[in-house]
Amino acid sequence: MSPSVPLQEMIRAIRSARTQCEERGVIQRECAAIRAQFRQADNGGRSHNLAKLLYVHMLGYPAHFGQMECVRMIASPRYSEKRVGYLGAMMLLDEKQDASLLITNSIKNDLSHSNQYVQSLALCTLACMGSAEMCRDLAPEIDRLLRASNSYIKKKAALCAVHIVRKVHELGELFVPAARSLLSEKNHGVLHGAVVLIIELCEQNPETLERFRKTVPDLVQIMKGLVLSGYSPEHDVAGISDPFLQVRILRLLRILGRNNEGASDSMNDLLAQVATNTDSTKTVGNAVLYETVLTVLDIKSESGLRVLAVNILGRFLLNNDRNIRYIAMTSLQKIVGTDHNAVQRHRGTIVDCLKDQDASVKRRALELSLALVSASNIRSMMKELLLFLSSCPPELRAHAASGIFNAAERYAPSQRWHIDTMLHVLITAGGDVRDETVPNLIQLITNASELHCYTVHKLYRALLLDISQQSLVQVACWCIGEYGDLLLKGDCQETEPVQVTEDDALDALETVLQSHMSSPATRGFALTATMKLSTRITDNVDRIRSIVSIYGSCIDVELQQRAVEYNALFRKYDHMRAAVLERMPVIEKNSPGHTNGESTGEAVKDVPTAKMKQGEPLLLQQPANQVHRSDHPPGPAVDCLVSGLSVHAAGTAGGDLLDLLGGFEPAELSPVLAYDKGGVTLTLSCEKQSDTGLTVTLTASNSSDSDLSSFTLQAAVPKSVQLHMKAPSGDSLPARGTAKVTQMVVLNNPNKVNLKMRVRVSYTRQGSPFQDTVQIDSFPGLDSQL
Amino acid sequence: MMRFLLLFSRQGKLRLQKWFTPLTDREKKKVIRDVMALVLARPPRSCNFLHWRDIKVVYKRYASLYFCTGLEDQDNELLTLEVLHRYVELLDKYFGNVCELDIIFNFEKAYYILDEFLMGGEVLETSKVAVSVSMENADTLQETMEEYMNRPAF
């Protein structure tokens, strides 16, 4: 071979350039010279010039001015020029360029050239960059070459036909007969090309696939020959005879045997033979085994063969070579849905792969582990997954976190475990979890009422350690606000007791509020939590009041609005504060439009403004029942009324509802004394409005010597009864009965159940709050039917 | 089928590029940039398979050159490692103890050898000997034709 001296000199010159600038200079000079040469008449050095241009092109510089030269060179009679010309066409021209059409004619001529190497150049170029029109033009020519030529050309024509079929699907029909006949060739190159062509034809057209099913016995025969034959020096690769052809045939068998019992049966023996006889010490053997396993798992193979295939994958998993482990996991991922138990047997190895150093292997192991989690292995799997999460590469964190959440949700053995797991994930990878994690976790916590104490202690401790993970901080703030009283009580049988003072809790919340790491949403959570604590603590209410009033001038509009409204709650509506900030009800999942974290904030701030709006009847239930928020009728005021106000969770006394609306109508009908304690008396009178409706008027008076302020009445009725409380006449009861407070309650009893009412009385006497409950079982003026 | 075959050095210089699907120049440059960045960032003894967009990238390092190819979903990755190895063997046989400089200074020969071994993203000839023989013949043809053409035509 004679190297192209001018080309090599140029390459040397370019490589010796020390800077990018110098290199650009050299290349510009060379390109100018080349352009000049192109314009000249035919000289001996044309191929060298084009080769130089192609080198420059590979470095990344523009070379489009060489396109026409390529076309001219291809048309040249000289083989050296044709060779470079075709190479240039493959590098510079593609089907999107207009110049590519110009070479169609040259290719056509060269396909019938007397010299096979010229023919092969044309075939190669057509297969590389042939556009759809060129393919249509030249397809008959290719078909001719497929039938009547030597094996060198046949194999090239076969792959060229593959390209044509990929570009123009309809031409597939043309090549079917030729493809069929090529299967009887002995030359491996031709055979390989034929198999590739048949695969392409079958994938394009299901009818063709049916016709080619008859070739399965022939393919089996060829494959057997390859596997059982002795050493063949020409095709041997590390003891395997022509692995490329073997893998191709296996793939074709896979396509033909899919969903077809007959074809699959005839392959069973062969596949078993290949699976057992192939030497798996080298990559080559493993490549063939891999293809065999994929084929077995895809066709309708018998169960023994399937077990063999999965066992091979299991062996792959234990292989030292990372590549083999990677592809084993890829294949197991494909069958984890169908052969779940078989894959479960290898769970231990897969989980070990989580600890591998390699990122690709880790990713595969993570996906497979998540697919293998089930109710029986949830605890051990979760331990491994959490361990993985703490050390996993950042690009896998989000995927791992969401996978863990899904698994925990589906298979959690206990609520405490579920909450612990979610907290662990938030602590480890809080920055990578999805947004709806926070409301989901809050909803979970409210559902696990017996764990409130444990949860709030744990969250408080986590908050003290780290306030940078926003999701964790949001959940922690919400819990401290809600269950602050449990936190301050200190004793909790599930964790070690630790004394948390009110100042500590407020300090924690204030840190969150002031930290620059907290996002605006987090600060909103913290502010609301601080406000909620005002009803759950006794000493530091002033501190809370000052915190809240500071934020009344905060630059963040959301925080400012909240602070201003909380301030209003302190000042003008203090009598409602306790009711407004009471415990949240148990939240139902998927209630429309609610994200739990936000609604607490919105609800509380909306309450003062809702005072002037009209209310709607709201469902009340007995204490033992849960509240279904989604049941209440729609309306702008309703959301805030229900969510902000106290509808109590299970286990606590008095499902109450405070209604702030409507007018005040006195109605009297033989009042009955319902309650008398500490100087406070409550009388009750009823008036029947309709068949199912009843109006009850509660009148309160104070015969003691001290004034009572913040006097409120709340009522609860049985499940099916609808209650509507109108606004009270006032909220202070001066001493010695100088004034009374009346409140009207409208009841609707459509199911005509036995009517009972539980009333809670709350007021402040000389600075200290007081609450009491009374049950009313009989209503005056009522028939037994109502 | 293979979508592309790239050879590049440790410093990120491209030595050979073969595309088996039609792409614009800009798209090609983007693919090269992305794949090179991914492959060069891998630590020494890691897995040879990557996932990038919707294709599987298989790469192997031989001395200072990375041989890198992109596969479709159905293709056998382990076999592709063998394909890359076979190409290196063919280059070795042709150049005799091939090194990166050989491929730099004789890039067109590297392409010719590739065209005898792969076509349209598929393996064309499975026998090493057959590829070498056809390369020799083609080279002989090139030289003799040149000699023939240099003679006066009468």
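Chain B is annotated in an unreviewed UniProt entry as AP complex subunit sigma from Gasterosteus aculeatus aculeatus. In its Subunit (unreviewed entry) section, the UniProt record describing chain B reads: "Adaptor protein complex 1 (AP-1) is a heterotetramer composed of two large adaptins (gamma-type subunit AP1G1 and beta-type subunit AP1B1), a medium adaptin (mu-type subunit AP1M1 or AP1M2) and a small adaptin (sigma-type subunit AP1S1 or AP1S2 or AP1S3)."

The name recorded for chain A in an unreviewed UniProt entry is AP-1 complex subunit gamma, from Gasterosteus aculeatus aculeatus.

For chain B, the helix and strand inventory stands at five helices and seven strands. The order of α-helices and β-strands along chain B, N terminus first, is β-β-α-β-β-β-α-α-α-β-β-α. For chain B, the spread of C-alpha atoms along the three principal axes comes to 60 × 35 × 30 Å. Burial status across chain B gives 60% buried among its 154 residues. The long-range fraction of contacts in chain B, counting pairs at least 24 apart against all pairs at least 6 apart in sequence, stands at 47%. Carbon and sulfur atoms provide 53% of the accessible area of chain B, an area that totals close to 6600 Å². Here chain B contributes 21 positively and 23 negatively charged side chains, and the mean placements of these two sets differ by 9 Å.

With 63 residues of chain B at the interface, the matching set in chain A holds 68 residues. Looking only at chain B, the three residues that lose the most surface to chain A are Leu78, Phe105 and Met119 of chain B, adding up to 12% of its buried area. Between the two partners, chain B and chain A, sit seven salt bridges. Here Arg251 of chain A ties to Asp75 of chain B by a salt bridge, and the two come within 3.2 Å at their closest N and O atoms. Inspection of the region where chain B meets chain A yields 22 residue pairs in polar contact (both at pLDDT 80 or more). Among the secondary structure elements, those contributing two or more residues to the side of chain B that touches chain A are strand S2 (14-19), helix H1 (25-40), strand S3 (49-52), helix H2 (77-95), helix H3 (100-105), helix H4 (107-117), strand S7 (122-123) and helix H5 (128-150) of chain B. Among the elements that line the side of chain B that touches chain A, the one with the most residues is H5 of chain B, at 13 residues. Considered class by class, the residues forming the side of chain B that touches chain A number 29 nonpolar, 14 polar and 20 charged.

This part takes up helix H4 (residues 67-74) of chain A. Extensive coverage of H4 of chain A is indicated by the burial of six of its eight residues. Buried residues along H4 of chain A sit against helix H2 (20-39), helix H3 (46-59), helix H5 (79-92) and helix H6 (104-111) of chain A.

Turning our attention to the sheet that holds strand S5 (residues 65-71) of chain B. Residues and elements named next belong to chain B. An order of S2-S1-S5-S4-S3 is seen for the five strands of this open sheet, with the pairing classed as antiparallel. Single-partner strands in this sheet number two, and they are S2 and S3. If you compare each strand with its neighbour and ignore which way they point, the axes differ by 20 degrees on average.

Bringing the sheet that holds strand S11 (residues 768-776) of chain A into the picture now. Residue and element names in this part refer to chain A. Judged by pairing direction, the sheet is antiparallel, and its three strands sit side by side in the order S7-S10-S11 without closing on themselves. Strands with a single pairing partner mark the edges of an open sheet, and in this sheet they are strand S7 (708-716) and S11. On average, adjacent strands in this sheet sit at an angle of 15 degrees to one another, irrespective of strand direction. Here strand S10 (residues 757-765) pairs with S11 via nine bridges, running antiparallel.

What follows deals with the environment of Met584 of chain A. Note that Met584 of chain A resides in the loop between helix H33 (574-580) and helix H34 (596-610). For the pair Met584 of chain A and Ala739 of chain A, spaced 155 residues apart in the sequence, the C-alpha separation amounts to 34 Å.

Under the UniProt annotation, "domain: AP complex mu/sigma subunit" (unreviewed entry) lies at residues 1-140 of chain B. Taken end to end, residues 1-140 of chain B is 46% helix and 26% strand, and its two terminal C-alpha atoms sit 32 Å from one another.

All right, on to the confidence of the model for chain B then. Scored by pLDDT, chain B comes out at a mean of 90, with 94% of its residues at no less than 70. If you check the scores for this complex, the pTM reads 0.71 and the ipTM reads 0.93.

Turning our attention to helix H32 (residues 557-571) of chain A. All names here are of chain A. With 15 residues, H32 extends 21 Å between its outermost C-alpha atoms, agreeing within 8% with the 21 Å of an ideal straight helix rising 1.5 Å per residue. Among the residues making up H32, those that are buried are Leu559, Arg562, Ala563, Glu565, Tyr566, Asn567, Ala568, Leu569 and Phe570. Between the side-chain oxygen of the N-cap and the backbone nitrogen of Glu558 there are 3.0 Å, and the N-cap of H32 in question is Asp556.

Moving on, we get to the pattern of salt bridges. The full count for this structure, using the stated rule, is 48 salt bridges over all chains. Arg325 of chain A is the salt-bridge partner of Asp356 of chain A, the closest N and O atoms lying 2.7 Å from each other. Taken together, the positions of Asp356 of chain A in the loop between helix H20 (347-353) and helix H21 (359-372) and Arg325 of chain A in helix H18 (residues 322-335) put the pair 31 residues apart, joining distant regions of the chain. Given a relative accessible area of 14%, Arg325 of chain A falls into the buried group. A network of salt bridges, in which partner residues are shared, links Arg166, Glu200 and Arg248 of chain A together with Glu122 of chain B.

Glancing now at the side chain of Glu200 of chain A. Looking at the element boundaries, Glu200 of chain A is found in helix H11 (residues 188-204). If sequence neighbours within four positions are ignored, Glu200 of chain A has contacts with Val162, Val165 and Arg166 of chain A.

Now for the packing of H21 of chain A against helix H22 (residues 378-391) of chain A. All names here are of chain A. In the contact formed by H21 and H22, the axes pass within 11 Å of each other and the chain directions differ by 150 degrees. When the interaxial angle is binned, H21 and H22 end up roughly antiparallel. In this structure, H21 meets H22 at a crossing whose hand is left-handed. For the pair formed by H21 and H22, the contact residues are Lys362, Leu366, Ser369, Leu370 and Leu372 on the first element and Met381, Leu385, Phe388 and Ser391 on the second. Considering only residue class, the contact of H21 with H22 consists of six nonpolar, two polar and one charged.

Attention now moves to unusual backbone geometry. Residues and elements named next belong to chain A. Positive phi, normally seen in glycine, also occurs at Asp242, with a value near 50 degrees. Unusually for a residue other than glycine, Ser710 sits at a positive phi of about 50 degrees. In this structure, Ser710 sits in strand S7.

Let us now look at the pairing of S7 of chain A. All names here are of chain A. In terms of burial, S7 is largely enclosed, as eight of its nine residues are buried. Alignment of S7 against S10, held across seven bridges, turns out to be antiparallel. Across the sheet, Thr712 pairs through a bridge with Ser762, a residue of S10.

Thresholds, definitions, all that
- Residues numbered from 1 in each chain as written.
- Chains lettered and ligands numbered in written order.
- Predicted model: local features only at pLDDT ≥ 70, side-chain atom pairs only at ≥ 80, totals over all residues.
- Heavy atoms only, no water.
- UniProt positions renumbered as here; feature names shortened; annotations may be inferred.
- Helix = DSSP H or I, 4+ residues; strand = E, 2+ residues; numbered from the N terminus.
- Buried < 20%, exposed > 50% of the residue type's maximum accessible area, 1.4 Å probe, protein only.
- Contact = heavy atoms within 4.5 Å.
- Areas by Shrake-Rupley, 256 points an atom, 1.4 Å probe, with all protein chains shown as cover.
- Lys, Arg positive; Asp, Glu negative; His and termini not counted.
- Charge placed at Lys NZ, Arg CZ, Asp CG, Glu CD.
- Buried area = accessible area lost by both parts, 1.4 Å probe.
- Salt bridge = Lys/Arg side-chain N within 4 Å of Asp/Glu carboxyl O.
- Polar contact = N/O pair within 3.5 Å; in protein donor to acceptor, adjacent residues only side chain to side chain.
- Nonpolar A, V, L, I, M, F, W, Y, C, P; charged D, E, K, R; others polar.
- Pairing = 2+ DSSP bridges.
- Axes fitted to C-alpha atoms, helices over the stretch in contact; angles between N-to-C directions.
- pLDDT = per-residue confidence, 0-100.
- Expected span 1.5 Å × (residues − 1).
- Parallel < 35°, antiparallel > 145°, perpendicular 65-115°, else oblique.
- Left-handed = near helix turned anticlockwise from the far one by under 90°.

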